[in-house]
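Residues per chain are reported as follows:
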Amino acid sequence: MMHPPKSCMMRIDIITLFPSMFSAIDKGVIGRAIQRGQLNIHLWNPRDYTHNKHRSVDKRPYGGGPGMVMCAQPLKLAIDATKNASEVPSPVIHLSPQGHLLTQAALQRFSKQERLILLAGRYEGVDQRLIDYAVDEQWSLGDYVLSGGELPAMVIIDGITRLLPGALHNPDSIRQDSFSNGLLDCPHYTRPEKFSNMTVPTVLKSGNHDAIARWRLKQSLGQTWLKRFDLLAKRPLSREEQQLLDEFIIEYRNEADKL
Ligand code: 9WO
């Protein structure tokens, strides 16, 4: 007996000083998930939780230095209001270069949650006491500094949404994702056969599905060896994979010798 995919509903609350940055989010996979009622996004502006005349949310840093720091109190009130807006308990996730490096595995885990609260910082950052008080996890997109956590929050929403059951036209593409097998993706080709004097690898037109699968795996292994040796170093290779990679390396070196 086949069951239909479990219908999941996910609620994501975003705490941001720039809610209008998220007005482009109703496009593509995310837009369809919202329309199908699978994903619900709510925006909360800490400025609405200030009580001073200028509705200011930031102050100069203790200890001196450039820029401003986001005050803990309006963020606390916004987070409390967010939590009270639903019965379902939710982890609070802060997007920050000080977080763990985001991985596909983390996105997989997020996608199984009923609810997430994403906190996007601005200025020089958030008062550490708010992080200690209210934040459950910190995640970083990489070792670079941005002007705020909004784009990283959108990245997380995008990465999660395509993992929600039924979000993609072709669920196989999740299984074949880069990284779900710990390797980079293989190159892709489509029509026409000739583009600017460049052709399509012959094997892809052979109709031999075993040979095509082997070629793709070999390219994945080879590209990962060339560009992301760190991924290869932590992934055990089967005998077949090791042999395909050895072949790739030999062919790559032969190619280099010809030049
Ligand atoms: C600035 C900085 C400078 C030198 C060394 C470390 C540093 N960290 C930061 C920093 O955290 N700045 C933040 C910039 C303050 C809050 C707004 N900004 C930001 C960047 N929010 N979110 C990101 C970000 C970047 C990558 N992945 C997730 C979030």
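1. Quick look at the sheet that holds strand 5 (residues 92–101)
Strands pair in a sheet through their backbones, by hydrogen bonds, and they do so in one of two ways: parallel or antiparallel. Ordered in space as 2-1-6-5-7, the 5 strands form an open sheet in which the pairing is parallel. Lying at the two open borders of the sheet, with one neighbouring strand each, are strand 2 (39–44) and strand 7 (137–140). Neighbour-to-neighbour, the strand axes of this sheet turn through a mean angle of 35°, independent of strand direction. Relative to strand 6 (residues 115–120), strand 5 runs parallel, the two sharing 4 bridges. Bridge pairing links Leu-95 to Ala-120 in strand 6. Sitting on the sheet, helix 3 (residues 104–111) touches strand 1 (10–15), strand 5, strand 6 and strand 7, and the angle it makes with strand 7 is about 135°.

2. Topic: the pairing of strand 1
Most of strand 1 is tucked away, with 6 of its 6 residues classed as buried. Burial of the side chains of strand 1 extends over both faces: Met-10, Ile-12 and Ile-14 are buried on one face and Arg-11, Asp-13 and Ile-15 on the other. Across 6 bridges, strand 1 lies against strand 2 in parallel orientation. Within the sheet, the bridge partner assigned to Ile-14 lies in strand 2 and is Leu-43. In terms of handedness, the path from strand 1 via helix 1 (residues 28–35) over to strand 2 forms a crossover that is right-handed. Pairing of strand 1 with strand 6 involves 5 bridges; the strand directions are parallel.

3. Thoughts on helix 1
For helix 1, every residue scored as buried is listed here: Ile-30, Gly-31 and Ala-33. An end-on view of helix 1 places all buried positions within 160° of arc, on one side of the element. Positioned one or two residues after helix 1, Gly-37 has a phi angle of 80°, which is positive.

4. Notes on the nonpolar core
For soluble globular proteins, the rule of thumb is that nonpolar side chains tend to be buried together. Within the largest apolar cluster, 25 residues are counted, with the highest numbers of intra-cluster contacts made by Leu-39, Phe-110, Leu-118, Ile-157 and Ile-160. Mapped by element, the contributors of at least two residues to this core are strand 1, helix 1, strand 2, strand 5, helix 3, strand 6 and helix 5 (150–161). A total of 5 residues in this core trace back to one element, the largest contributor, which is helix 5. Sequence-distant contacts of Ile-160, defined by excluding residues within four places in its chain, comprise Met-10, Leu-107, Phe-110, Ser-111 and Leu-116. Trp-44, Ala-78, Ile-79 and Val-126 belong to the second largest nonpolar core, which has 16 residues in total.

5. A few points about the pattern of salt bridges
Counting across every chain of the model gives 14 salt bridges. With a shortest N-O distance of 2.7 Å, Asp-127 and Arg-129 are connected by a salt bridge. You can call Asp-127 buried: its relative accessible area is 17%. Its relative accessible area of 56% is what places Arg-129 among the exposed residues. Through salt bridges with shared partners, a single ionic network connects Arg-11, Asp-13 and Arg-115.

6. Some words on the site of the ligand
With respect to spatial proximity, 19 residues lie near the ligand, and among them Gln-98, Leu-141, Leu-146, Gly-148 and Gly-149 are the closest. Leu-95 places a polar main-chain atom, nitrogen or oxygen, 3.5 Å from a nitrogen atom of the ligand. Here a nitrogen atom of the ligand sits 3.4 Å away from a polar atom, N or O, in the main chain of Leu-146. Protein coverage of the free-state accessible area of the ligand, which is 600 Å², stands at 73%. Only strand 5 and strand 7 provide two or more residues apiece to the shell around the ligand. In terms of residue count, the dominant contributor to the shell around the ligand is strand 5 (4 residues). Taken together, the residues of the shell around the ligand break down into 9 nonpolar, 8 polar and 2 charged.

7. Remarks on the pairing of strand 6
Each regular strand displays side chains that alternate between the two surfaces of the sheet. Burial within strand 6 is extensive, with 6 of its 6 residues counted as buried. Neither face of strand 6 is left uncovered, since the one carrying Arg-115, Ile-117 and Leu-119 and the one carrying Leu-116, Leu-118 and Ala-120 both have all their residues buried.

Cut-offs applied
- Residues numbered from 1 in each chain as written.
- Predicted model: local features only at pLDDT ≥ 70, side-chain atom pairs only at ≥ 80, totals over all residues.
- Heavy atoms only, no water.
- Pairing = 2+ DSSP bridges.
- Helix = DSSP H or I, 4+ residues; strand = E, 2+ residues; numbered from the N terminus.
- Axes fitted to C-alpha atoms, helices over the stretch in contact; angles between N-to-C directions.
- Contact = heavy atoms within 4.5 Å.
- Buried < 20%, exposed > 50% of the residue type's maximum accessible area, 1.4 Å probe, protein only.
- Right-handed = clockwise from strand over helix to strand, strands pointing away.
- Arc of directions from axis to C-beta.
- Core = buried A, V, L, I, M, F, W, Y, C linked by side-chain atoms within 4.5 Å.
- Salt bridge = Lys/Arg side-chain N within 4 Å of Asp/Glu carboxyl O.
- Near = heavy atom within 4 Å.
- Polar contact = N/O pair within 3.5 Å; in protein donor to acceptor, adjacent residues only side chain to side chain.
- Areas by Shrake-Rupley, 256 points an atom, 1.4 Å probe, with all protein chains shown as cover.
- Nonpolar A, V, L, I, M, F, W, Y, C, P; charged D, E, K, R; others polar.

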